[in-house]
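# Inside the fold
Here are the chains, one letter per residue:
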Amino acid sequence: MVEVTTMKYIKKGDILVSGVVLTLGLVLAGPSSAHHSVQAQFDVRKTFTISGTVSKVEWINPHSYLTLNVKDTEGKVQKWAFELAAPGVLRRAGMSREDRGGLKPGDEVTVSGLASKDGSNSGWLQELKLSDGRVIKLATGPNGN
Amino acid sequence: MMRFFRYRSMIAVAAALCLLPAAVIAQQLSQVSRTTNTPPAPSGPTPRTPDGHPDLSGVWNGLGDNLIGVPNQMANAGIAVETETSTRDVFSGARIATFPRNSTSPLNDEQAERASTLVRRMGSNRPIYKPQYWETVRNLDQNANEEDPSNNCMPAGVPRAGIPSFIGQTPKYLIFIYPGQGGLIATQTSYRMIPLDGRQHTPLQELDGTYTGEAIGHWEGDTLVVDTYGFNSSTWFDQVGGYFHSENMHVIERFHRNGNTLTWTATVNDPDVLLEPWTTTPRVALLNPNPKAVLPESLPCSERDLAHLATKEHH
């Protein structure tokens, strides 16, 4: 089932750019702020790119998730789960509610990220290309750029 | 790497190892351009409630206990990320790591993560366990991916939760709110309701242990003292280090407001496992400068990564 687990918790006019939120965003900026070691789960030297359609976007702690439907070489649909940066980072990168450039189910996207070490269909999302040409960079690359 | 925990004499070696990457951590964790790390100077008046006590109410940006989670970037162990190029032990004054910013060889996330893991354990202010528990603590720390009791959306507990992000104060009680976070650990939102009415603690043996225990507050001059016991043993009492405790842990927190700053310390007394009480390095939180600030809803917590970890590396 296709669903969006709300991207609408940010309402226009909310006082979200408070010091607390700002601090949260800053504190959680970058891979080394993950609640787990990034390299314990992902190979920081191995990036990959994959295309698919958005199945689900979840804004949750400790990481938000983007789930894609990706067709494999046999045409069979596989679920891929991409771990996202913290909400503050996503917001500053331009991902918020749909009418301000967020994602919705069915969107065609191409994502690049770090590969999982355990071989599961998952990754640490670093770059998101939307079908309208926008590119959202969410995390630093392996060289901190 | 965790062996440094036990062998203080090896700190010098650790410092050498850390020579390069230390402040990459600061750079990565923080997008803030910061050139100094002196604790924030208080400004503005210290408001008082009608009964004459300092008014601690407000949104305090004490979120999390990351090294840069509070304005002076200081950890409970006494490590201060002093500038983007320097980390210092605030007790001895010794600089324990430096980073040449203009290095031409870029450091990758791998190095930065490992460096931050090391630096976080290099503060000199650490709890002293009874010798029979040294190995236990070391093992818990080394295997934190599996052993950390709070990293799968469970409560951080007290005093690991640090400085509350919101304090509500009435003459008879206080409300502390700690939003769930996904920083160094993944924890759910927790709250504490702390009576100020002069009541006494329930006898310890009558309390079923809980994550936040039974807290009772009182004023010592202008300092709020929160006395808490009645814990379960399902938390650690600092962010890193494998610092487990018994159900007999007793925590005394002190909150002192000066203008727009709130200084917090916690003293952990647990004679079952510690040789002596341990007091955290004072941390300072700043009042949110926006008078209309509200604490936003924190996201629900759902942990999905720990099962996919392929190595023992951790924070």
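Note that this is a predicted model, so its numbers are computed, not measured. (Residues numbered from 1 in each chain as written. Chains lettered and ligands numbered in written order. Predicted model: local features only at pLDDT ≥ 70, side-chain atom pairs only at ≥ 80, totals over all residues.)

Take the overall build of chain B next. Summing up its helical and strand segments, chain B has five helices and 15 strands in all. Expressed as a percentage of the 315 residues in chain B, the buried residues total 48%. For chain B, the share of sequence-separated contacts (at least 6 apart) that also reach a separation of at least 24 residues comes to 66%. (Helix = DSSP H or I, 4+ residues; strand = E, 2+ residues; numbered from the N terminus. Buried ≥ 20, exposed ≤ 12 C-beta atoms within 10 Å, placed from the backbone. Contact = placed C-beta atoms within 7 Å.)

Check the secondary structure of chain A and you find three helices and seven strands. Listing the helices and strands of chain A from first to last along the sequence gives β-α-α-β-β-β-α-β-β-β. When each of the 145 residues of chain A is scored for burial, the buried share is 42%. Across chain A, every contact between residues at least 6 apart in sequence was considered, and the portion connecting residues at least 24 apart equals 59%.

Our focus in this paragraph is the sheet that holds strand β1 (residues 58–59) of chain B. Residues and elements named next belong to chain B. Taken in spatial order, the four strands of this open sheet run β1-β5-β6-β9, and their pairing is antiparallel. Each having just a single partner strand, β1 and β9 (190–195) make up the two edges of the open sheet. Looking at chain direction, strand β6 (residues 173–178) and β9 are connected through six bridges and run antiparallel. Across the sheet, residue Ile 177 finds its bridge partner in β9, namely Tyr 191. (Pairing = 2+ DSSP bridges.)

Close inspection of predicted coordinates is inappropriate for parts of the model with low pLDDT. Residue and element names in this part refer to chain A. Looking at chain A as a whole, the pLDDT averages 73, with 67% of positions reaching at least 70. Ranking the helices and strands of chain A by mean pLDDT puts strand β4 (residues 77–83) first, with 96, and helix α1 (residues 19–27) last, with 30. With pLDDT under 50 throughout, residues 1–32 is counted as low confidence; its partners more than four residues away or in other chains account for 96 contacts. (pLDDT = per-residue confidence, 0-100.)

In this section: the nonpolar core. Residues and elements named next belong to chain B. Counting residues in hydrophobic clusters, the biggest one holds 45 residues, and the most contacted among them are Trp 60, Ile 167, Ile 194, Leu 262, Val 268 and Ala 285. Looking at this core, the elements that each hand over two or more residues are α4 (134–142), β5 (166–169), β6, β10 (214–220), β11 (223–229), β12 (250–258), β13 (261–269) and β15 (283–286). Counting residues per element, this core draws most heavily on β13, at four residues. (Core = buried A, V, L, I, M, F, W, Y, C linked by C-beta atoms within 7 Å.)

Residue and element names in this part refer to chain B. Turning to its location among the elements, Thr 281 is positioned in the loop between β14 (278–279) and β15. With 19 C-beta atoms counted inside 10 Å, the residue Thr 281 sits in the partly exposed group. Between the C-alpha atom of Thr 281 and that of Trp 264, which follows or precedes it by 17 residues, the distance is 8.6 Å.

A word on the pairing of β11(B). All names here are of chain B. Of the strand pairs in this sheet, β10 and β11 are connected by seven bridges, and their pairing is antiparallel. Along β11, the bridge assignment pairs Ala 215 with Thr 228. The turn joining β10 and β11, which pair antiparallel and follow one another in sequence, is formed by two residues; a positive phi near 65° is taken by Gly 221. With six bridges joining them, β11 and β12 adopt antiparallel strand pairing.

The next point concerns the pairing of strand β5 (residues 108–116) of chain A. Residues and elements named next belong to chain A. The sheet contact formed by strand β2 (residues 42–58) and β5 spans nine bridges and is antiparallel. Following the sheet pairing, Thr 53 is matched in β5 by Glu 108. Strand direction decides the pairing type here: β5 and strand β6 (residues 122–130), joined by seven bridges, are antiparallel. Its bridge partner being in β6, Leu 114 is matched across the sheet by Trp 124. If you look at the hairpin formed by β5 and β6, you'll find five residues sitting between the two strands, and Gly 119 has a positive phi there, around 80°.

With that settled, the discussion passes to α4(B). Residue and element names in this part refer to chain B. Every buried residue of α4 is accounted for by Val 137, Leu 140 and Asp 141. Projected down its long axis, α4 carries its buried residues within an arc of 95°, all on one side. Tucked into the core, α4 has its buried residues touching α5 (144–147). (Arc of directions from axis to C-beta.)

Next up on the list: the environment of B:Gly213. All names here are of chain B. Secondary-structure assignment places Gly 213 in the loop between β9 and β10. A count of 24 C-beta atoms within 10 Å places Gly 213 in the buried class. Setting aside its immediate chain neighbours within four residues, Gly 213 contacts Val 158, Thr 228, Tyr 229, Gly 230 and Phe 231.

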